[in-house]
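Listed below are the residues making up each chain.
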Amino acid sequence: MTDEFKFDTSQITTLDERFGKCPYATAQSLISGKWAPSILLYLSDGPIRFNELQRRMPKITHATLSVQLKSLVENGLVERTRYEDIPPHVEYSLTEIGEKFRPVLDAMQHWGMEYIEYMKEK
């Protein structure tokens with residue numbers, strides 16, 4: 001941990017208390033949902049409708065995807081745009097701060113590939 005991110009944790013014990021103070025706890029809170037990184041990955045390709053996102057993630061339920069998207073929207077990582085066409089539809093896309101998460105996704109992919117290789121060698 002660099003000196004830049006050190007802070008006194010003696011009085012801060014929960015993740016909620018560390019949110020907004022510790023960069024690691026803040027990031028962890030924002031992407032804490034099981035599906036959040038996958039959703040952000042799919043949205044990094046551009047705007048996508050709810051049903052298409054769910055098709056790309058067949059194991060996620062409608063309710064879970066809805067909750068995860070709502071949380072990502074509330075946290076400012078994802079934008080929900082409603083179009084009044086006939087029929088009306090909604091698209092989800094990354095916000096400016098959400099776009100800045102792309103290098104983290106790339107790093108996760110790189111590390112994941114290294115770990116897969118590690119597992120094969122074991």
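How each quantity is defined
- Residue numbering note: each chain is counted from 1, following its sequence as written.
- Per-residue local features of the predicted model are confined to residues with pLDDT of at least 70, and side-chain atom pairs are confined, for both listing and counting, to 80 or more; whole-chain, interface and lining totals are unaffected and use all residues.
- To get the side-chain values, take all heavy atoms of the structure and skip hydrogens and water.
- Remark: nonpolar core denotes a set of buried residues (Ala, Val, Leu, Ile, Met, Phe, Trp, Tyr, Cys) joined through side-chain atoms within 4.5 Å.
- Exposure classes here rest on a 1.4 Å probe applied to the protein chains alone. A residue is buried below 20% of its type maximum, exposed above 50%, and partly exposed in between.
- Runs of E in the DSSP output that reach at least two residues are strands. Runs of H or I that reach at least four are helices, and both are numbered from the N terminus.
- In this description, contact between two residues means that some pair of their heavy atoms is separated by no more than 4.5 Å.
- The patches described consist of residues with a relative accessible area above 30% and no salt bridge, like charges being joined within 9 Å and nonpolar side chains (Val, Leu, Ile, Met, Phe, Trp, Tyr) within 5 Å.
- Each accessible area is a Shrake-Rupley estimate made with a 1.4 Å probe; only the visible protein chains count as cover when residues are assessed.
- Every case where a carboxyl oxygen of Asp or Glu lies within 4 Å of a side-chain nitrogen of Lys or Arg is listed as a salt bridge.
- Any two strands with at least two DSSP-identified bridges between them are counted as paired.
- Fitted lines through C-alpha atoms give the axes, limited to the stretch in contact for helices. The angle between two N-to-C directions lies from 0 to 180 degrees.
- Oblique is the label for any angle not under 35 degrees, not over 145, and not in the 65 to 115 range, which are roughly parallel, roughly antiparallel and roughly perpendicular in turn.
- Any residue outside Ala, Val, Leu, Ile, Met, Phe, Trp, Tyr, Cys, Pro, Asp, Glu, Lys and Arg is labelled polar, Gly included; the first ten of those are nonpolar and the last four are charged.
- Comment: arc refers to directions from the helix axis out to C-beta atoms.

## Examining the nonpolar core
Ile39, Leu40 and Val78 are the most contacted members of the largest nonpolar core, which has 21 residues in total. The set of elements that each furnish at least two residues to this core consists of helix 3 (36-43), helix 4 (50-56), helix 5 (62-74) and strand 3 (89-94). It is helix 3 that contributes the most residues to this core, 4 residues altogether. When residues no more than four places from it in sequence are discounted, the contact partners of Ile39 are Leu53, Met57, Leu65, Gln68, Leu69 and Leu72.

## Examining a nonpolar patch on the surface
Among the surface-exposed residues, Trp111, Tyr115, Tyr118 and Met119 lie close enough to one another that they form a single nonpolar patch of about 460 Å² accessible area. Note on placement: Met119 falls in helix 7 (residues 102-121).

## Some words on the pairing of strand 3
Every regular strand shows the same layout, with side chains that alternate between the two sheet faces. Burial analysis of strand 3 places 5 of its 6 residues in the buried class, which makes it a mostly covered element. Bridge count for strand 1 (residues 48-49) against strand 3 is 2 bridges, and the pairing is antiparallel. Considered in strand 3, the bridge of Ile48 is made with Tyr92. Taken together, the 6 bridges between strand 2 (residues 78-83) and strand 3 define a ladder with antiparallel strand orientation. Counterpart to Val78 in the pairing with strand 3 is Leu94. Linking two consecutive strands that pair antiparallel, namely strand 2 and strand 3, is a turn of 5 residues.

## Topic: the sheet that holds strand 3
The strand order across the open sheet formed by 3 strands is 1-3-2, and the pairing between neighbours is antiparallel. The open sheet terminates on both sides in strands that have one partner only, identified here as strand 1 and strand 2. On the sheet, helix 3 packs against strand 1, strand 2 and strand 3 and is oriented at approximately 100° with respect to strand 3.

## Re the pattern of salt bridges
All chains considered together, the criterion is met by 5 salt bridges. Across the pair Glu99 and Arg102 runs a salt bridge, and its minimum N-O distance is 3.2 Å. Classification of Arg102 by relative accessible area gives partly exposed; the value is 34%. Ionic pairing is found between Glu117 and Lys120, a salt bridge with its closest N-O pair at 3.6 Å.

## Looking at the packing of helix 3 against helix 5
For the pair helix 3 and helix 5, interaxial distance at closest approach is 10 Å and the crossing angle is 75°. Here helix 5 runs roughly perpendicular to helix 3, going by the angle between their axes. Facing Ala36, Ile39 and Leu40 of helix 3, the residues of helix 5 in contact are Leu65, Gln68, Leu69 and Leu72. For the contact of helix 3 with helix 5, the class distribution of residues is 6 nonpolar, 1 polar and no charged.

## Section: helix 3
Residues separated by three or four positions in an α-helix point in the same direction, a consequence of the helix having 3.6 residues per turn. Residues of helix 3 that are buried include every one of Ala36, Pro37, Ile39, Leu40 and Leu43, and no others. Along the axis of helix 3, the buried residues cluster in a sector spanning 160°; they form a single face. Residues of helix 3 that are buried make contact with strand 1, helix 4, helix 5, strand 2, strand 3 and helix 7.

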